[in-house]
Every structure is written in C-alpha cells, then in structure tokens.
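# Architecture at a glance
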Amino acid sequence: MSSNDAPVYTLAEGRPVQDPSAATVLMGSKPRGGALSLLADTQLIETLAHFPRERIPERVVHAKAAGAWGEFECTEDVSDFTSVDFLNKVGKKTKVLARISTVAGEKGSADTVRDIRGFAVKFFTEEGNWDFVGNDLPVFFIRDPVKFPSLNRSHKRHPQTNVPDSTMFWDFHNNNQEGVHCLMQLFGGRGIPASLRNVNAFGNHTYKFGKPEDGTFKYVKIHLKPDAGVKNLESDEALRLAGEEPDYHIKDMYNAIERGDYPTWTMYFQIMDPKDAETYRYNIFDITQTWSHRDYPLRPIGKLRLNKNPENYFQDIEQAAFSPSTMVPGIGPSADPMLQARMFSYPDAARYRVGPNYEQLPCNRALHVYSPYQRDGPMRVDGNYGGDPDYVRSSFRPMRFGPPDVAHDEWAGKVALFTSEVTDLDFEQPRDLWKIFKETGEDKRFAKNVAAHVGKALPEVQKKTIEMFSKVDQEVGEAIQRELDELEKKGGAGIEHDKAPVKGKGMRCKDSKDE
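Residue numbers run consecutively from 1 along every chain, following the written order of its sequence. Where local features are concerned, this predicted model is filtered to residues with pLDDT of at least 70; where side-chain atom pairs are given and counted, the filter is 80 or more; whole-chain, interface and lining totals use all residues. To obtain the side-chain values, all non-hydrogen atoms of the structure were included, while hydrogens and water were left out.

### Comments concerning helix α11 (residues 442-454)
Note that an α-helix has 3.6 residues per turn; residues three or four places apart therefore point the same way. To keep things clear, this is the line we draw: Put simply, DSSP marks the helices as runs of H or I at least four residues long and the strands as runs of E at least two long, and each gets a number from the N terminus on. The length a helix should cover is 1.5 Å for every residue beyond the first. Burial status follows relative accessibility: with a 1.4 Å probe on protein chains alone, a residue under 20% of its type maximum counts as buried, one over 50% as exposed, and anything between as partly exposed. Contacts were defined at the residue level, with two residues in contact if any of their heavy atoms lie within 4.5 Å.
Between its first and last C-alpha, α11 extends 18 Å over 13 residues, near the 18 Å set by a 1.5 Å rise per residue. Taken together, the buried positions of α11 are occupied by E442, D443, F446, A447, N449, V450, A451, H453 and V454. Those residues of α11 hidden inside the fold are in contact with α3 (166-174), α4 (180-186), α5 (235-244), α10 (428-440), α12 (459-472) and α13 (474-489).

### Digging into the environment of D443
With respect to the helices, strands and loops of the structure, D443 is situated in helix α11. Residue class for D443 comes out buried when judged on its relative accessible area of 16%. For the pair formed by D443 and A479, sequence separation is 36 residues and the distance between their alpha carbons is 8.1 Å. In contact with D443, other than residues within four places in its own chain, are W434, F437 and K438.

### Quick notes on unusual backbone geometry
A positive phi angle, near 60 degrees, is found at N162, a position not held by glycine. Within the secondary structure, N162 sits in the loop between α2 (148-154) and α3.

### Points about the packing of aromatic side chains
One pair of aromatic rings is described through two measures. These are the centre distance and the angle between the planes. Our working definition: A pair of Phe, Tyr and Trp rings is counted when the ring centres sit within 6.5 Å of each other, with Trp represented by its six-membered ring. The angle between the planes then sorts it: under 30 degrees is stacked, over 60 is edge-to-face, the rest tilted. Both a distance and an angle decide whether a charge sits over a ring: NZ of Lys or CZ of Arg must be within 6 Å of the ring centre and within 35 degrees of the ring normal.
Per the counting criterion, the structure on display carries 26 aromatic pairs. Between F437 and F446 the ring centres are 5.5 Å apart and the planes differ by 40 degrees, which places this aromatic pair in the tilted class. With a relative accessible area of 0%, F446 lands in the buried category. Residues F446 and F469 carry aromatic rings whose centres are separated by 5.7 Å and whose planes lie at 80 degrees to one another, so their mutual orientation is edge-to-face. Here F469 lies in helix α12 and F446 lies in helix α11, a separation of 23 residues in the sequence. An identical accessibility class is assigned to F446 and F469; each is buried. The residue whose ring lies beneath K95 is F124, and the NZ or CZ to ring-centre distance is 5.6 Å. K208 extends its terminal NZ or CZ atom over the ring of F217, reaching a point 4.8 Å from the ring centre.

### Details of the pairing of strand β4 (residues 93-102)
Successive side chains on a regular strand alternate, one facing one side of the sheet and the next facing the other. Formally: One bridge is not enough; two strands pair if DSSP finds at least two bridges between them.
Of all 10 residues that make up β4, eight are buried, and the element is covered over most of its length. In terms of strand pairing, strand β3 (residues 65-74) meets β4 through nine bridges, oriented antiparallel. For W69, the partnering residue across the bridge sits in β4 and is L97. Relative to strand β5 (residues 117-125), β4 runs antiparallel, the two sharing eight bridges. Among the inter-strand pairings, K95 is bridged to a residue of β5, identified as F124.

### Comments concerning the packing of α3 against α12
How we decide: A fitted line through C-alpha atoms represents every axis, and for helices the fit uses only the stretch in contact; the resulting angles, taken between N-to-C directions, go from 0 to 180 degrees. Orientation is classified from the angle alone, with under 35 degrees giving roughly parallel, over 145 giving roughly antiparallel, 65 to 115 giving roughly perpendicular, and any other angle giving oblique. By convention the crossing between two helices is left-handed if the near helix lies anticlockwise of the far one by an angle smaller than a right angle, and right-handed if it lies clockwise.
One can describe the packing of α3 onto α12 by two numbers: an axis separation of 9 Å at closest approach and a directional angle of 40 degrees. The orientation of α3 with respect to α12, classified from their angle, is oblique. Seen along the crossing, α3 lies across α12 with a hand that is left-handed. Residues T167, W170, D171, H173 and N174 of α3 lie in contact with α12, whose contacting residues are V461, K464, T465, M468 and F469.

### Focus: the pairing of strand β8 (residues 207-211)
Within β8, five of the five residues are buried, leaving the element largely enclosed by the surrounding structure. Where β8 and strand β9 (residues 216-226) come together, five bridges link them in antiparallel fashion. Its bridge partner being in β9, F209 is matched across the sheet by K218. Where β8 folds back on β9, the antiparallel hairpin that results is connected by four residues, among which G215 adopts a positive phi of roughly 75 degrees.

### Focus: the nonpolar core
To keep it simple, the criterion reads: The nonpolar core is taken to be a set of buried Ala, Val, Leu, Ile, Met, Phe, Trp, Tyr and Cys residues, with the residues joined through side-chain atoms within 4.5 Å.
The biggest cluster of nonpolar side chains holds 40 residues, and the ones touching the most others in it are F141, W170, F446, F469 and I480. Of all the secondary structure elements, the ones that give two or more residues to this core are α3, α4, α10, α11, α12 and α13. Residue contacts for F446: discarding those within four places in its chain leaves L183, M184, F187, G188, W434, F437, F469, V476 and I480. Counting residues in hydrophobic clusters, the runner-up holds 37 residues, among them L87, F209, I257 and L304.

### A look at the confidence of the model for the chain
What counts here: Confidence of the predictor at the level of single residues is captured by pLDDT, which takes values from 0 to 100.
In the predicted model, the chain carries a mean pLDDT of 92, and 94% of its residues have values of at least 70. The low-confidence segment residues 497-501 (pLDDT under 50) makes 16 contacts with residues lying over four places distant or belonging to another chain. Segment residues 504-515 is flagged for pLDDT under 50; beyond a separation of four residues in sequence, or across chains, it makes 45 contacts in the model.

### With respect to the pattern of salt bridges
Selection criterion: For this analysis, a salt bridge means a side-chain nitrogen from Lys or Arg found within 4 Å of a carboxyl oxygen belonging to Asp or Glu.
By the definition in use, this model includes 35 salt bridges. Among the ionic pairs, R445 bridges to E234, the shortest N-O distance being 2.6 Å. Placement of the pair is R445 in helix α11 and E234 in the loop between β9 and α5, with a sequence separation of 211 residues. The class for R445 is partly exposed, based on a relative accessible area of 30%. Residue E234 is classed as partly exposed on the basis of its relative accessible area, which comes to 42%. A salt bridge links K489 to E486; the nearest nitrogen and oxygen atoms lie 3.6 Å apart. With K489 and E486 both in helix α13, this residue pair falls three residues apart, about one helical turn. With relative accessibility at 68%, the residue K489 sits in the exposed group. Residues joined in a network through salt bridges with shared partners are R197, D252, R259 and D261.

Have a look at this one:
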C-alpha cells in the first residue's frame, strides 16, 4: 500500500489528527518540569474515555470460545416430515456462524480443562435465523430449570476463596443425582477434546419438526458428528497443555481454517412419531436421558463446514448471540422445561450483555427483517422503520404474514409446584454406559479421572460421591475408592486452603485446580 492509499487517522467523529501519540499539555517552565493535560485535548479525553468501555460483560457461562463462519448444505430430502425452508432442497446451502466454547471457565481460562463444550451455530436462512445451541455431550446434569444457576455456580469459583472447589462441585451433584449419566460422560474418555474440530454436538433437547400447513410434526433429536472423527486428550497431556498453551483449542481451530483444512460435521436427526412419546420408556423431554439409536436410528440430514475465520473476533464472535428460541417456520419447541427456560434466558442475557438491539449487529442480523413493533432503544442503526406505524392493526401500512407455527399440543392439567425426583430409572443408562466402559477398557480411566477430582473434596463429600456412583453399579464405587486409596498412599490428593465457613461450620476448602 502506498502512502497515498493509506487511511487518514481521525478521531471517532472523523476529524483528521496529526499525531495519535501526542497530547496537548501545559508544559512546566523549568527543565524536566511536569505537564498539565488540558480538557480541550479531545484526542486524549476520547482515548482514555473509550478504553474502560471496551469490554462488555462476559458470558456467565460459555465465556471462552473459538468461532468461525461457514456454510451448511442439505444432503437429504426431508419433505416427508418437515417443510423447513433451508432443508427443502438437496444441495441447498445456508450461511452459518459457529461458536464452540468451554462452559465453566472465564475468558482467560485454559482450553484443555475437563468440561462440557458448548456448540452453537446460527443458520442465516431465507425465513429468518435458526440457532442450533447444544453441547458436546448427549445429556445434561439437570432437568429442572430452577437449578441451572446453582449447577453453574457449583462448577465455578467458591464465593469465599474465589478458586474452583471440588467440595462444592461434588456436593451439588451428590444432592442432585439425576446428573450421574452426564458425570459419567464428562469423566470418561470424552471429557477433554483433542481439538474442537473433533467434537460431537448434540441439541440435547427434543424439538418439533413439522409441516405447519397440514398440522403434522415429528419429535426430533439433533446430532452433529465430526467427519474427522472424535479425538480426545488424556488428563496428563491436557494438564501440560493447560499450562504451556492455554489457548490451544482456539489456535488449533483458527490455524486449521487459515490453511484450508476446513472442519466438517454431518448433521443427523433421530425422529420419533408423537404417538411413541407416551409409551417410550424414558421421558423424551428429559435431557438427562438419551433415545436409543436402536429404537430411533440416526438419519443424515446435511453437512456443516467452517471455512472462514472472523475478520474481527469481538465484532463477529464476542457479540454473537445464540438462543434456542431462535427458530424458523417448521421448527417448534417441545414440552421440555429446560428448553423453555433457556428460550427466555438466552435472549435476556444477550439484551443485558450486548444491548436491546443486539439483533442488528452483522453477526446476528437476519437476512430479511421487518419488525416495526420493536423500535428505538440504544444503538438503533437500521433506520428504525422510518415513519411506519409502531402499533398493531394499523390501516396505513399493509403487510403480509408468515405461515402458522408447528402444531401445538393439547393440554389438560393443573398448576402446581414441581421438582423432579431421582428414581432407579436415572441409573439405567449410566449402567449401560458402565458396561461399555468395561468392554472398551474405559472403566479404569473413568475411575482415575473421578478420583483425581473428588479426591480434593472433603472426606464426607467423597463418601457421598462413592455412594452415588455405587447406585450405578457397586463396581463403579469400588473402582473409584481404589483410586482414592492410591492417591492417599502417594501423599494426598490436594493442598489444604483456608477454612471457608458454611452455615457457621468451619469447612476446609481443598485445592481444586482443573485437571
């Protein structure tokens, strides 16, 4: 670029400025004297004032992530069960934006910790945006939405010591045992991905895909499987990378895309007829449980490819907002209470973090929008619909309307307080998973991983954790206990920190750094 082609440096309002490193000051008269900055120096004031306002609140979960642009290509005719526009033709391509994250850690945390990975994809379709918002494990820790903040706090920092704490982590799960299936997934071999290019993604929730025009629908579970296969790290290697290369996963994703090694996933659906939902052994709206692939096999739907890194991370990824409430005609929510709570919570978080007009940003903006009943607010930048009526049923601005929603369910019931109970059914799928662990030699690794983490908790919490896993199978509890005994022989699992009082009781808080 020649000097004539270089941009002219200006202030935020466009005024050209001679030197961005200079400030207008009153110099002292003596040699080596001081200087007084002047309020008339717009450049200095503007530079200082903007700096502390550069940040927006980080996500309370899923704070650290890699992100990229890409495309989705429909590869399967799905007209037999849904009329979703971006799936209405084999070969049809849709622009996407993806964000893959850790969950518990802050923006500056290490990538290679044992944690769930969030996997969100925004599809920019002709009939609005569709957000796929899932995780890399097929099940979740809870099914009662009111527990969601407590779950995440227990995985974060202790309110007094401000460090991650194994005692509160396991104390939460000991008393909310519906999460035992997810715990076995997390502490198994897939708890630490080798690369974000090699993780599964599961929608977790049950959705409705249907044909609004004729009132039919199917229940659907969504899966994304990496075409390069699932690859994972052993705990020791993950620990080394966490210290030596804490941004390992983000760099790996970025560099792969830069060199043209584009990661791809195949999207699959599990499809259930509504009449089966009433008789299926497991509650299909419970995200702590899966649908058997034998009962509902995976049906390929399309290909996801990430092929373009963000031009600017803050603009494209940090300000991106995803929500399971962002749907298109032909897709609807099910009666999953966790899904319905997230449909409120995620847009609410975006309005807080980014602002009430976050949908106007390029990373979030739909291809076609006409929503004149959402007006004004901070940072309105799209013309604000000019003089169009801002009230419903106006005689002066005719408009066309979209298709109806996916068919609604018929309800008969009463309003009541409810919290789910843990029953033996919650341990059936974990038992099946334990059998797989034993067949593949994963059982020893699982027991070792759990012991390394729970071994830093208080002894009474360790005991209750053993009891919980023994409900899966007595062998599970015994295997973890053996590993704890081995750790004890080696001199203990952790370093004891200061006491943290809980309900007036002195409570030891042991070291609980991530693996």
